[in-house]
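The primary structure of each chain is shown beneath.
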Amino acid sequence: MGDWQSVRRHNLGFALLALAAFAVSERSIVLLATVFLTTLASWVITGGWRRRMLPAWAVGLLLFVAFAIGFGRVYPTPDPSDIPSVIGIVVSFVIVIRMYARRSIGDERQILMLSSVLVVAAALQSSDLLVGLLVLGATLMAVNCIVRFRLAANAKDGTPVNVDSGRVFVRESLVQRRGASQDLKRTIRIAFVFVLVMTSAIFLFLPRNPQPTGALFGMAGSGQLEFPNHISLMSPQRLSPSEKELLSVAWLGPDGNPPPNVQVLRLRGAILDRYDVGAAEWFSRRMASERFVIVEGGKYQSLANSPIDERMNTFTMRVEFRGLYSDVVLSPWAPISIAGLTSQVYVFSPATLAVRTLDLESAGVITGYDLRVQPFASESTLESLQGEPVRLPPIATFPVQAVRDAAQRIAAETDLDSTIASQDPAARWARNLRLARIFERELTSERFSYTMDLRSFIRRDGRDPIDLFLNEYRFGHCEYFASGLCALCQSVGVDARIVVGFLVDEYDKSSQRYTVRESDGHAWVEVRTGEYQWTMIDPTPVGNISATPPEDESWAQIFWLLSAPLESLWRDQVAQFDARAQNALAQQANTWIRDVMRSGWTSIEQTARNAGESSRLGAYGIVWIGSVAMTIALSFAAAFIGYRRWRRAQRALGVTRLGRARARVAMRDGAFYVDALDLLDQGGMRRPTNLPLRSFAVRVASEHARAGEIFSEIVERFYAVRFGGQRPDSRRRADDHSLVVQLRQALFATR
Amino acid sequence: MIGRRRYHLHLPGVIFVALTVLIGAATSQRRGNLLVWVFASMLAWIIVSGIISGGMMMAVRMRRIAPRSGRVGEPLIIRYEVTCESRFWPIFDLRINEQIPGKWKSAYLMHCRRGESITVEGELLPEVRGRLLLRRSRCLSGFPFGLIMKSVEFLQDSEVLIHPKVSKLHPQALRRLLIARGDEGRRMNSARGGGDEFHGLRDYRPGDSLRSVAWRRSASLPELVVVDRSAPIPWRLAIALDLRITEPAQTRDAEEQAIAMTASLLHHAEQSGWEISLEVLGCAAIDVPMRRGGRHVNQILDALAAVDLDAPRSVNGAQHEVRRGIDLIIYPGPIHSGTPRSYGHLDHCVAISATSIAATCGDSSNG
């Protein structure tokens, strides 16, 4: 097979990988089947004995059609998020068309570049396991393709040779050169390894984007140590929540045993009640009423100001950290006391009932905590926790006019006067709940849909994302639904806040523990319905909380359903590898190195001590052990050097295939020749392997007359010994050695 | 001697780096870790390209094997012996360039195994006559990805004499030029000795070859006689090239044309079996005696190649000891040169300008 045939074969492989990666990233089985099979067939149709190719006019026409289709997809509704997809589709068609056209060097180069563009488009579209594997394969395949392409393209002018009619240039082929193909394969393999190692290293150490793009599923992208304390709606995109295990939770009833029926736990993390229009993000105010809670190791410390009756309806929650390193204490409503394995200082916010640790330095090493919780806390309990009625600062009307208008419009459908909040507390709380329920009903209606793919959620004309969600797009995930409800409530004076945490329903009966995964992340809303009471309202459409809509299900995901662990591993270790994981990895590496060094040193110390005791050398045992170790190391080094020199001498004398006895004799008699070659090597004259000895001697003479003269004599002596059947006696061997001495003097005495 | 080692970023490399930067910018905007992988692999490609080409080029040793001479307008083949001294990296995709002006076709080496030496050829099309000094050769390779070009310069002094351009002349060119002198250019006698032509008969002497015995004639004579053979004395052409400085001075192009025409005439004469000699007036000690043969032509062309027009020359009219027997004097300039030249006692020879020769003797088929 010629070089160009090889280049085409590898180019086809690269193109197929790129096409498959893009089609899978698009989650389109039709696209995959069409372009993949069509491209594969091109090898048979255009490369076989038929060699049928499209005429130039047909290629031009098809390319025009492909570009027209691409333009047609973009023109009517220009959407930046569609650009990678459209580019990918057009490029896919162009590659297929090119595969059926007559291909020159330029066309092969074009196919290489287009395939690379397709790989980038695929990487932009998705981070799924299958796409990842295909992109990885394409990356390595590209190494092979480009190396072969460059060699074949550069050799096109070839090497000049003389023929009868003059000099012509023939194309040199790797296939024709002895050992070239093996050398190339070996070099490509080395390049593979280098690229893989370097890519992995850069991937591990490349600083990640510290800007969060979401609170829950954006944890992986936030690069922060803490549980996210805000929700950003600035950059909507397709989310792929990880199955990474974050916490393990034991839930014990008032009797100290797990409840017989598995309940769904809502673990509250961050409480967000303010919206920043410019940054399009929710954040929480720092309350002045926060207080410190000092917990001694193993003892429960009450969070309340006054005693709470813990006899009734008090549950215990034991939390173990698995993959989450946070200062936020996740807790169901309403925590009443806390205990840690170690002494710790916590900060308790009475207004929100949120707890966090103060000791940031130890945030990464908290192994867990215990909480006592009253899910149905009475008014008196809440009063004990909060001390006095929570005096929230007056919540300003939500700062986006379009959202306020939407709230008025929805509320107008009822008989409530949404514009005036009642001064009577009881009426106010009832109004709050009723309006919140109305808004919840609106958001959970069929007009709104749940999706985690927000690539088409494009911010336009400076419009606020919540406005776009409520009035135009009407799709999003839980953060958008919670934001929408909270914004609507605040627009009509209802006290509302967003809670970010986990909705946990995965219960392992054998270990009697809940497993909290990153995909359990959720956001909901709490609406104030009493002096101390807040009511949880979840506006996210039921049943879609952690599932993707059917149209978003890909065949690839179904295919990989059976290999969920692999998918999970991919997501946790690769797709969701972020600054936090980088930090954890660095800490692990640091700990591992420290432990290894410490244990190594301890082991050496122990060995030395034992040796000292057994030999009764006392304090000098370490010196003795060190001496022995050094002697052994030096012996190994000397043996290694000797072995290498012996092998080199064998190769130089060409006795590798001789019997042991004959080889030994040849090595003894021909040692002077090996020494001479070593000397010349040191003198900067290494013998090329393909240069005959006498020619090499002439070359040596051209650079150093005296050395050349001596070496010529050595060569003649060597021929006589090695191939002439001479058996030198000890005197003759001494003479041969004296030639080497003369050569050394000739080479180095004048320098 | 190994000179500088350098990395060069050329256009494909710049484009690749720009794309890498763009994708890097995209990774900072997107959360997709796969995009980070693509970005990392692009960075890795740049680094690995530098590592492999750097490791490969560290082991390249190159020796120029330059020819003694070349000719203007004809490809000059320069050979390079490339050795791969690495025990790890073979050499791939190596290009060798000379750091000289002129049309140069690089020597290309596709592959050289570890420890192997391979000779490759490059082509130079010399445009100027004279001594061509070759000093710096550059080995260049973009292997493996062509993103970064790595070069190593080798310093090795070589000198190549570039002969003047030899034009093809009309077959009757010499006859046309020397017609005024009749057949004086040829000796009428031939010398006894080697050759194939019959010279005469003589008595046999011991040592004569039996094959030279004239058997039929000896049959009628008491003694053996042998055939004496001789070779014809070839035509002779002695050319003097007049490069003395005139008033007004001749242009450098005209002088070069005269040199080239002299070379062409002498080459043509030698090809026709003539004995040739050359004398250059105005330049010091360039006098090549009358001989024939390819080696002699090369000697003459060497002499013409070595003519240094920048060196001090004598002026027109100055006494110049011109050898007797010169058949043709060639001087630079147009057909009717403004200033008549004085050749003293050489009034029996033909003096003609280079342009005239080109007009009268140029091969029509040669343009």
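Please read these numbers as outputs of a predicted model, since none were measured by experiment.

> Please clarify how the overall build of chain A should be interpreted in this entry.
Tallying secondary structure elements over chain A gives 22 helices and 22 strands in all. Within chain A, the fraction of its 751 residues that count as buried is 38%. Intrachain contacts of chain A at a sequence separation of at least 6 include 72% that bridge at least 24 residues.

> How should I be thinking about the overall build of chain B in this particular structure?
Along chain B, the regular secondary structure elements total seven helices and 17 strands. Counting contacts in chain B only where the partners sit at least 6 residues apart, residues at least 24 apart contribute 69% of the total.

> How should I be thinking about helix α12 (residues 465-473) of chain A in this particular structure?
Since the α-helix advances by 3.6 residues per turn, residues separated by three or four positions end up pointing in the same direction. Residues and elements named next belong to chain A. Within α12, burial applies to Pro465, Ile466, Asp467, Leu468, Phe469 and Leu470. Structurally, α12 contributes buried residues whose contacts are with α10 (401-412), β17 (475-476) and α13 (478-491). Phi turns positive, to about 60 degrees, at Arg474, one or two residues after α12.

> When you look at the environment of Arg87 of chain B in this model, what are you seeing that I'm missing?
Assignment of secondary structure puts Arg87 of chain B in the loop between β4 (76-84) and β5 (91-98). In this structure the C-alpha to C-alpha distance between Arg87 of chain B and Arg113 of chain B, which are 26 residues apart in sequence, comes to 9.4 Å.

> I tried to follow the environment of Ala260 of chain B on my own but got confused; where do I start?
Position of Ala260 of chain B relative to the elements: it lies in helix α5 (residues 252-271). The residues touching Ala260 of chain B, leaving out its near neighbours within four places in the chain, are Pro164, Lys165 and Ser167 of chain B.

> I'm lost on the interface of chain A and chain B in this one. Help?
Interface size, as often reported, equals the accessible area lost upon joining of the parts. Each partner contributes residues to the interface: chain A has 45 residues there, and chain B has 40 residues. Looking at the side of chain A that touches chain B, the elements with two or more residues in it are α5 (105-125), α6 (129-154), β1 (159-163), α7 (180-205) and α15 (564-575) of chain A. For the side of chain A that touches chain B, the element with the highest residue contribution is α7 of chain A, accounting for ten residues. For the side of chain A that touches chain B, the residue count by class is 25 nonpolar, 14 polar and six charged.

> Teacher, can you tell me more about the confidence of the model for chain B here?
Close reading of the predicted structure is inappropriate where its pLDDT is low. On average, residues of chain B carry a pLDDT of 82, and 85% of them reach 70 or more. The ipTM assigned to the predicted complex is 0.74, against a pTM of 0.62.

> Please explain the packing of α7 of chain A against helix α2 (residues 33-58) of chain B as it appears in this structure.
Between α7 of chain A and α2 of chain B, the least distance of the axes is 8 Å, while the angle of their chain directions is 130 degrees. One element, α7 of chain A, and the other, α2 of chain B, form an angle in the oblique class. Judged by the twist between their axes, the crossing of α7 of chain A over α2 of chain B is right-handed. Contacts between α7 of chain A and α2 of chain B involve Ala191, Phe194, Val195, Met198, Thr199, Ile202 and Phe203 of chain A from the former and Val36, Trp37, Ala40, Ser41, Leu43, Ala44, Trp45, Ile47, Val48, Ile51 and Ile52 of chain B from the latter. In terms of residue class, the contact of α7 of chain A with α2 of chain B is built from 16 nonpolar, two polar and no charged.

> Please clarify how the environment of Val72 of chain B should be interpreted in this entry.
With respect to the helices and strands, the residue Val72 of chain B is situated in the loop between β3 (69-71) and β4. Those residues within four positions of Val72 of chain B in sequence are excluded, and the remaining contacts are Pro126, Glu127, Val128, Arg129, Ile162, His163, Pro164 and Lys165 of chain B.

> Teacher, can you tell me more about the sheet that holds strand β5 (residues 265-272) of chain A here?
Neighbouring strands of a sheet are bound in pairs by backbone hydrogen bonds; such pairs are parallel or else antiparallel. Residues and elements named next belong to chain A. Strand order in this open sheet of four strands is β5-β18-β21-β22, and the pairing throughout is antiparallel. In the strand order of this sheet, the two ends are held by β5 and β22 (534-537), each with one partner. With strand direction ignored, the average angle separating the axes of adjacent strands in the sheet is 40 degrees. In terms of strand pairing, β5 meets strand β18 (residues 496-504) through seven bridges, oriented antiparallel. Bridging from a neighbouring strand, Leu265 pairs with Val504 of β18. Across the face of the sheet, helix α11 (residues 425-443) comes into contact with β18, β21 (521-528) and β22 while running at roughly 145 degrees to β21.

> Looking at this structure, I do not really get the confidence of the model for chain A. What am I missing?
Per-chain confidence: chain A averages 80 in pLDDT, with 82% of residues scoring 70 or above. Long-range and interchain partners of residues 211-225 of chain A, a stretch whose pLDDT sits below 50, account for 52 contacts in this model, where long-range means more than four residues apart.

> Got a minute to help me understand the sheet that holds strand β3 (residues 230-232) of chain A in this structure?
Residue and element names in this part refer to chain A. Read across the open sheet, the three strands follow the order β3-β7-β6; overall the sheet is antiparallel. Whereas interior strands pair on both sides, the edge strands pair on one side only; in this sheet they are β3 and β6 (274-276). Direction aside, the axes of adjacent strands within the sheet are offset by 20 degrees on average. In terms of strand pairing, β6 meets strand β7 (residues 281-283) through three bridges, oriented antiparallel. Bridge assignment links Tyr275 to a residue of β7, and that residue is Trp282.

> Before we go on, may I ask you to explain the pairing of β4 of chain B in this structure?
On a regular strand, one side chain projects to one face of the sheet and the next to the other, so that they alternate. Residue and element names in this part refer to chain B. Sheet topology note: the strand β2 (residues 60-65)/β4 ladder contains six bridges and is antiparallel. Among the inter-strand pairings, Met62 is bridged to a residue of β4, identified as Val82. Sheet topology note: the β4/strand β8 (residues 117-125) ladder contains eight bridges and is antiparallel. Bridge assignment links Ile77 to a residue of β8, and that residue is Glu123.

> Would you take a moment to explain unusual backbone geometry for this structure?
The general pattern is negative phi for most residues beyond glycine and trans for most peptide bonds. Of the consecutive residues Trp333 of chain A and Ala334 of chain A, the connecting peptide bond is found in the cis state with omega at -10 degrees. Considering the arrangement of structural elements, one finds Ala334 of chain A in the loop between β11 (328-329) and β12 (335-340). The step from Phe143 of chain B to Pro144 of chain B runs through a cis peptide bond, and the omega angle for that step is 10 degrees. Residue position: Pro144 of chain B is located in the loop between β9 (130-141) and β10 (148-163). Backbone geometry places Ala280 of chain A, a non-glycine residue, at a positive phi of 50 degrees.

> It is not clear to me how the nonpolar core should be interpreted in this structure. Could you clarify?
Residues Ala21 and Val135 of chain A together with Val38 of chain B are the most contacted members of the largest nonpolar core, which totals 145 residues. With 16 residues, the top contributor of residues to this core is α6 of chain A. When neighbours within four sequence positions are excluded, Val38 of chain B is seen to be in contact with Val119, Val120, Ala123 and Val135 of chain A together with Ile23 of chain B. Leu371, Ala377, Ala407 and Ala436 of chain A belong to the second largest nonpolar core, which has 80 residues in total.

> So what exactly am I meant to see when it comes to the pairing of strand β13 (residues 236-242) of chain B here?
All names here are of chain B. Here β13 lies mainly inside the structure; six of its seven residues are buried. Of the pairings in the sheet, the one linking β13 to strand β14 (residues 275-281) comprises seven bridges and is parallel in character. Paired with Ala238 across the two strands is Ser277, which belongs to β14. For the handedness criterion, the β-α-β arrangement of β13, α5 and β14 is classed as right-handed.

Reading the values: rules and limits
Residues numbered from 1 in each chain as written. Chains lettered and ligands numbered in written order. Predicted model: local features only at pLDDT ≥ 70, side-chain atom pairs only at ≥ 80, totals over all residues. Helix = DSSP H or I, 4+ residues; strand = E, 2+ residues; numbered from the N terminus. Buried ≥ 20, exposed ≤ 12 C-beta atoms within 10 Å, placed from the backbone. Contact = placed C-beta atoms within 7 Å. Nonpolar A, V, L, I, M, F, W, Y, C, P; charged D, E, K, R; others polar. pLDDT = per-residue confidence, 0-100. Axes fitted to C-alpha atoms, helices over the stretch in contact; angles between N-to-C directions. Parallel < 35°, antiparallel > 145°, perpendicular 65-115°, else oblique. Left-handed = near helix turned anticlockwise from the far one by under 90°. Pairing = 2+ DSSP bridges. Core = buried A, V, L, I, M, F, W, Y, C linked by C-beta atoms within 7 Å. Right-handed = clockwise from strand over helix to strand, strands pointing away.

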